[in-house]
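Here is how the chains run, residue by residue.
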Amino acid sequence: MIRGEGGVFGPDLSDVGRRRSIAYLRRALLDPNADVPQSYSAWRSDVSLPENFLYVRLATHGGQEFAGVRVNEDTFSIQIREATGAVHSFLKSDLAELHKDFGKSPMPSYGAVLKTNELDDLVAFLTSLRADK
């Protein structure tokens, strides 16, 4: 999402140029898993939950399967947002499986998709996003 436009599955990129370096942005596009934390507590005091990215896959006792980004979590429940934007809330006691994919991003690598000049243009665009407009 940029300035309120776009999807809600990934992070808000409105000021990504202020927060991330050119090298970081290029690496994120070529190797999306490179900077996703490998492990952490759901309750980090130094990072807000939306920035504490975690991809989750789960199955209910009834056999329904879901996958998405964790929106919120506490001892008894978890809320996730699917790629479609749909948000689901589950009591953990209703789950047969809960997989937290630490260090993984659902974003694909764009290394084989974008030409070098296209990648350069995309990185330049992302670097220009500073949310001061």
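Considering the nonpolar core
Here is step 1: Listed in full, the eight residues of the largest apolar core are L54, V56, L58, F66, I78, I80, F90 and L95.
Here is step 2: Within the residue set of this core, elements represented by two or more residues are β1 (55-60) and β3 (77-81).
Here is step 3: If we ignore the near neighbours within four places in the chain, the residues touching I80 are V56, L58, F66, A67, G68, V69, R70, V71, A86, V87, H88 and F90.

Focus on the sheet that holds strand β4 (residues 87-91)
Sheets are built from strands paired through backbone hydrogen bonds, the pairs being either parallel or antiparallel.
Here is step 1: Pairing in this open sheet of five strands is antiparallel, and the strands run β4-β3-β2-β1-β5 from one edge to the other. Edge positions in the open sheet fall to β4 and β5 (95-101), since each of these has one partner strand only. Each adjacent strand pair in this sheet contributes to an overall mean axis angle of 40 degrees, direction not counted.
Here is step 2: In the sheet, β1 pairs with β5 via six bridges, with the strands oriented antiparallel. Counterpart to R57 in the pairing with β5 is H99.

Rules behind the numbers
- Residues numbered from 1 in each chain as written.
- Predicted model: local features only at pLDDT ≥ 70, side-chain atom pairs only at ≥ 80, totals over all residues.
- Heavy atoms only, no water.
- Core = buried A, V, L, I, M, F, W, Y, C linked by side-chain atoms within 4.5 Å.
- Buried < 20%, exposed > 50% of the residue type's maximum accessible area, 1.4 Å probe, protein only.
- Helix = DSSP H or I, 4+ residues; strand = E, 2+ residues; numbered from the N terminus.
- Contact = heavy atoms within 4.5 Å.
- Pairing = 2+ DSSP bridges.
- Axes fitted to C-alpha atoms, helices over the stretch in contact; angles between N-to-C directions.

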